[in-house]
Amino acid sequence: MSSTTSVGASRRALGSGLRATAKVLPEHTRAHNRAMVLQHLFHEGPTSRADLARATSLTRVTVSDLINVLMAEGLVEELGIQRGRGVGKPAILVGMRTDAYQIVAVDLSDDTVMRGAVLTLTGEAVVRRSLAVDDRTGDELVSLVERFARRLVAAATQPVIGVGLGSPGIIDENGRVVEAPNRKWFDLPLAAILSERLGLPVQVANDADTAALGEYTYGGAADSMLVMTVGQGVGAGLVVEGSRVHGVNGAAGELGHVTVVEDGEPCACGRRGCLETLLSAPALRRAVAGLDREAADAVLAGIGRTLGITLAPVVSALNLGEVLLSGPADLLDGALREAAQATVAERTMPAVSAGLRLRMATLDEDVVLAGAAVLVLGAQLGVS
C-alpha cells in the first residue's frame, strides 16, 4: 500500500551535548514532545493523558493537544475507561496503533542473498521475501534493491511509513554509503536515491549498527552495549546511553579491521591480520575443520582470547553493560564466548567488568531486519 504523509514528519532531536550547535526552534520542541509521547506509549503501553503528562513532565494541555493530533493522524486511539482508580471522573486510556502501519525492512549483510520483510511497528513479520544477488554490484545492485523494496511495499497490508535498509560499509547519518568495497559502492547517496524512486522515506545504515538498534529496541539489550556481528565479515554496532554511536566519519565500530595478528592472513580491506581474518564465520569454520570437539574448543578459545583483547579497551573506555555476539551459535556460544569474557575481565578493572554480560544476541538472523525497522521508527516517529 502507499505511504501516508501524515506520519512522515521526521524527528529533529534536541541535542544533549554541552555546546549548543543550532538555535532551538519551536518546531524542534514540538517534534521532541511528540517523540516523548510516542516513545512512552510504544514501550509502556496504553495510559491515561494525566499519567502520560506525569511520565513525560509535559503539561496536561500539551499532552492533550499532542494526543488529538496523533489521533487525527491515526497513530493513537482511545481504548476505553481506566477502571479501579478510585473516586472522580474515570480516565480514558490512549494507546499507540502499532498494527495500523507497517515498515519495509531490507537486510543486505549477506553477499549472496538479500532478505526483506514487511513488519508491524512492534517488529512482527507480516511478509518475508528473499532474492539472490547473483554477484550484482554497483548501479545494478541499487536497481535490484529498488525492485526488491518495491515488491515488499506492494505486499504490505497496511500503509507503509518508510523503508529501512542495513548494509555493509561505512555509511553516514544521511544514508550515504561512504564506501562498501564488496558492493562497489563509493560516495553513493543510497537513501536519497531509493527515497526518490520509491516515493517513501528511506533510511540506510551500516548492518552492524542496525543490528545494535534491533537488539536495543526489540531484544531488550542494555542502554550501553555493543553488538558484534559475525558472518562473511565482522562488524560491530554501538549503542551508548540509548543512542547509536556514529563516529566522525560514520565508521564507529569497525573492529573487524583492527589488526590483531602481525603478518597474519590477508584481509579484504587490503591489510593483513585483521580480526575479521580470524573471527568471520568462514575463517572459524576453516579453523575447526576436521578437529574433534576438544581440539576445536581449544582453537575457538584461542580466538576468543584474541577477541577479548580487542574488546577490553572498548568496554573499559565506554563502560559497556553488555557485549552481544550475533552469528553462528555452534561456533560462538561456548569456548569462544567464555574465553572472550574471561579475557575482558582479566584486562579491565573490576568496576568495569564486574557487571558485564557477554552473551549471544537474541534476534538471530532477524537482527538486521529488526534494526532496519528501528531506523524508520526513529526517523519517522522518534521512537527507539
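Residues numbered from 1 in each chain as written. Predicted model: local features only at pLDDT ≥ 70, side-chain atom pairs only at ≥ 80, totals over all residues. Heavy atoms only, no water.

What's the story with the sheet that holds strand β12 (residues 225-230) in this structure? I'm lost.
What links the strands of a sheet is backbone hydrogen bonding, and the strands pair in either a parallel or an antiparallel sense. The five strands are arranged β14-β13-β12-β15-β16 in an open sheet whose pairing can be described as mixed. Each edge of the open sheet carries a strand with a single partner, namely β14 (243-244) and β16 (357-360). Alignment of β12 against strand β15 (residues 322-326), held across five bridges, turns out to be parallel. In the strand pairing of β15, leucine 226 is matched with valine 323. On top of the sheet, helix α9 (residues 293-318) reaches β12, β13 (234-240), β15 and β16; it is set at about 155 degrees to β12, its chief contact. (Pairing = 2+ DSSP bridges. Helix = DSSP H or I, 4+ residues; strand = E, 2+ residues; numbered from the N terminus. Contact = heavy atoms within 4.5 Å. Axes fitted to C-alpha atoms, helices over the stretch in contact; angles between N-to-C directions.)

Is there a simple way to explain the pairing of strand β6 (residues 125-132) in this structure?
If a strand is regular, its side chains alternate between the two faces of the sheet. With seven bridges connecting them, strand β5 (residues 113-120) and β6 associate as antiparallel partners. Looking across to β6, one finds that alanine 117 is bridged to arginine 128. From the end of β5 to the start of β6, which pair antiparallel, there are four residues, and glycine 123 there has a positive phi angle of about 90 degrees.

Before we go on, may I ask you to explain the pairing of β13 in this structure?
Within β13, six of the seven residues are buried, leaving the element largely enclosed by the surrounding structure. Across six bridges, the pairing between β12 and β13 is antiparallel. Each residue of the ladder has a partner; that of valine 230, found in β13, is valine 234. Here β12 folds back onto β13 in antiparallel fashion, the turn holding three residues. Pairing of β13 with β14, which is carried by two bridges, proceeds in the antiparallel orientation. If you follow valine 240 over to β14, its bridge partner there is serine 243. Taking the residues between adjacent antiparallel strands as the criterion, β13 and β14 are bridged by two residues, where glutamate 241 takes a positive phi near 50 degrees. (Buried < 20%, exposed > 50% of the residue type's maximum accessible area, 1.4 Å probe, protein only.)

Hey, could you run me through the sheet that holds β5 in this one?
The strand order across the open sheet formed by five strands is β6-β5-β4-β7-β11, and the pairing between neighbours is mixed. Across the chains shown, the open sheet's two edge strands, defined by having one partner strand only, are β6 and β11 (202-206). Sheet twist, expressed as the average angle between the axes of neighbouring strands with direction ignored, equals 15 degrees. Along the sheet, helix α4 (residues 138-155) contacts β4 (102-107), β5, β6 and β7 (160-167); its crossing angle with β6, the most-contacted strand, is approximately 155 degrees. Sheet strands in contact with helix α5 (residues 190-198) are β7 and β11, and its direction is about 155 degrees off that of β11.

Could you clarify how one ought to interpret unusual backbone geometry in this entry?
For residues that are not glycine, phi is negative in most cases, and the peptide bond is trans in most cases. Positioned with a positive phi, aspartate 135 is a non-glycine residue whose angle comes to about 65 degrees. Note that aspartate 135 resides in the loop between β6 and α4. Even without being a glycine, aspartate 263 presents a positive backbone phi close to 55 degrees. Looking at where aspartate 263 falls in the secondary structure, it is placed in the loop between β14 and α7 (276-279). Its relative accessible area of 73% is what places aspartate 263 among the exposed residues.

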